[in-house]
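Close look at the chain arrangement
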Amino acid sequence: MQGRACVRFMENLTIKLFGKTLKNPVMNASGTLGYGKEIESLWGIETLGAYVTKGLSAKPHHGNPVPRVWEERNGMINSIGLQNIGVERFFNEYFPYFKQRQTPVIVNFFGFTEEEYIACAEKIKTDPLIVALEMNLSCPNIKMGGISFGKEPNMVFEIVKHVKSTTDIPLIIKLTPEVKNIVEIARVAYEGGADGLTLINTIPAAVVDIRSRCIPLKGGLSGPTIKPVALRAVYECSKAVSIPIVGAGGIMNTEDALSFFMAGATAIQIGTATFVDPYTIPKIISGISNYIDEQGLSLIDDIVGIAHDQ
């Protein structure tokens, strides 16, 4: 696939998510397409069922020093450090672009204190194109000695409950896999008011440079290595809670994508694969539609969670 890819509308891929109709269930993972315009020379952002923003904070954040990305044998480690321009600048400068393209948006956001999460959520106003907020709970809570918000069940319940009370926009919780029991965390997020879950975020990892004899980068591991971990999380949590789950982690091709739907995901996010082949997302969208047709099915919903019955 060369040049600017165009993906036709495929009726068999439409889904309902939080009362909104998406043309397909395929999204980018937060941070992997920048602010959206970066992919435009290759394929239109309207190809996506929904665009997921780079993680946004109430105020701009500078992120980490270089190196920030490291290629591994079966994945990628990144330590961007959540650099972003802030929620207000995003909506002033970039959101009009999505309005022009009529592309639904999921707003990923974060904070380092509960107050920062709430302040960011409060700044995001309802709009017909905003499908949901996606709250990243992998951030360190600086008031609790740096422990991730997503690691401790009581902390998850409280922050979900408090943020949910400040917004009328559906709230998706993006969970870290760095826990003893992710089903327990999924349940308390649901009890706190979560409308959906994204499973999973990256896995903590590090690099040793044998030439300089140092650790140049500690960050999050993504890519095909973590796919089995993500699939199990989607499978188990989709049986435990009755809210939509967005599957993410190591989806590199159509077969990977289909496995997440069969495990129980309503939608999927693709990240690292785009760095390997920037046309991965349109290829997977076409591949899923072809599979639905070949199997004599009507809609993508026909295979969601089908592995639960086997």
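Residues numbered from 1 in each chain as written. Predicted model: local features only at pLDDT ≥ 70, side-chain atom pairs only at ≥ 80, totals over all residues. Heavy atoms only, no water.

All right, on to the side chain of threonine 176 then. Within the secondary structure, threonine 176 is located in the loop between strand 9 (171-174) and helix 5 (182-192). Among the polar contacts made by the side chain of threonine 176, one reaches the main-chain amide nitrogen of glutamate 178 at a distance of 3.1 Å. (Helix = DSSP H or I, 4+ residues; strand = E, 2+ residues; numbered from the N terminus. Polar contact = N/O pair within 3.5 Å; in protein donor to acceptor, adjacent residues only side chain to side chain.)

Our next topic: the sheet that holds strand 7 (residues 105-109). Here we have eight strands laid out as an open sheet, ordered 3-14-13-10-9-8-7-4, and parallel in their pairing. At either margin of the open sheet sits one strand with a lone partner, and together these are strand 3 (26-28) and strand 4 (51-52). In this sheet, strand 13 (residues 245-248) lies alongside strand 10 (residues 196-199) in parallel orientation, the contact comprising three bridges. Of the residues in strand 13, the one forming a bridge with threonine 198 is valine 246. The strands that helix 9 (residues 280-294) touches are strand 3 and strand 14 (267-270); relative to strand 3, the one it contacts most, it runs at about 170°. (Pairing = 2+ DSSP bridges. Contact = heavy atoms within 4.5 Å. Axes fitted to C-alpha atoms, helices over the stretch in contact; angles between N-to-C directions.)

The next point concerns the pairing of strand 5 (residues 69-72). Two strands pair when backbone bridges link them, and strand 5 and strand 6 (residues 75-78) are joined in this way by four bridges, in the antiparallel orientation. Bridge pairing in strand 6 links glutamate 71 to methionine 76. Remark: two residues form the turn of the hairpin made by strand 5 and strand 6, two consecutive strands paired antiparallel.

For the coordinates displayed, the defined rule picks out eleven aromatic pairs. Between tyrosine 51 and phenylalanine 98 the ring centres are 4.5 Å apart and the planes differ by 20°, which places this aromatic pair in the stacked class. With tyrosine 51 in strand 4 and phenylalanine 98 in helix 2 (residues 95-101), this pair connects stretches of sequence that are 47 residues apart. Neither residue differs from the other here; tyrosine 51 and phenylalanine 98 are each classed as buried. (Phe/Tyr/Trp six-rings, centres within 6.5 Å; stacked < 30°, edge-to-face > 60°. Buried < 20%, exposed > 50% of the residue type's maximum accessible area, 1.4 Å probe, protein only.)

Looking now at the sheet that holds strand 11 (residues 203-209). Ordered by their spatial adjacency, four strands build an open sheet running 5-6-12-11, and the pairing between neighbours is antiparallel. Each end of this open sheet is capped by a strand with a single partner; those strands are strand 5 and strand 11. Strand-to-strand twist across the sheet, computed as the mean angle between neighbouring axes with direction ignored, equals 40°. Looking at chain direction, strand 11 and strand 12 (residues 214-222) are connected through six bridges and run antiparallel. Pairing of proline 204 across the sheet is with glycine 220, part of strand 12.

Here we come to a nonpolar patch on the surface. Together, Val208, Ile210 and Ile215 make up a nonpolar patch on the protein surface, roughly 330 Å² of accessible area in all. As for its position among the elements, isoleucine 215 is in strand 12. (Patch = residues over 30% accessible without salt bridge, like charges linked within 9 Å, V, L, I, M, F, W, Y side chains within 5 Å. Areas by Shrake-Rupley, 256 points an atom, 1.4 Å probe, with all protein chains shown as cover. Salt bridge = Lys/Arg side-chain N within 4 Å of Asp/Glu carboxyl O.)

Of the residues making up helix 3 (residues 114-123), those classed as buried are Tyr117, Ile118, Cys120 and Ala121. One side of helix 3 holds all its buried residues, which, seen down the axis, span an arc of 165°. In this structure, the buried side of helix 3 is in contact with helix 1 (87-93), strand 7, strand 8 (130-136) and helix 4 (153-164). (Arc of directions from axis to C-beta.)

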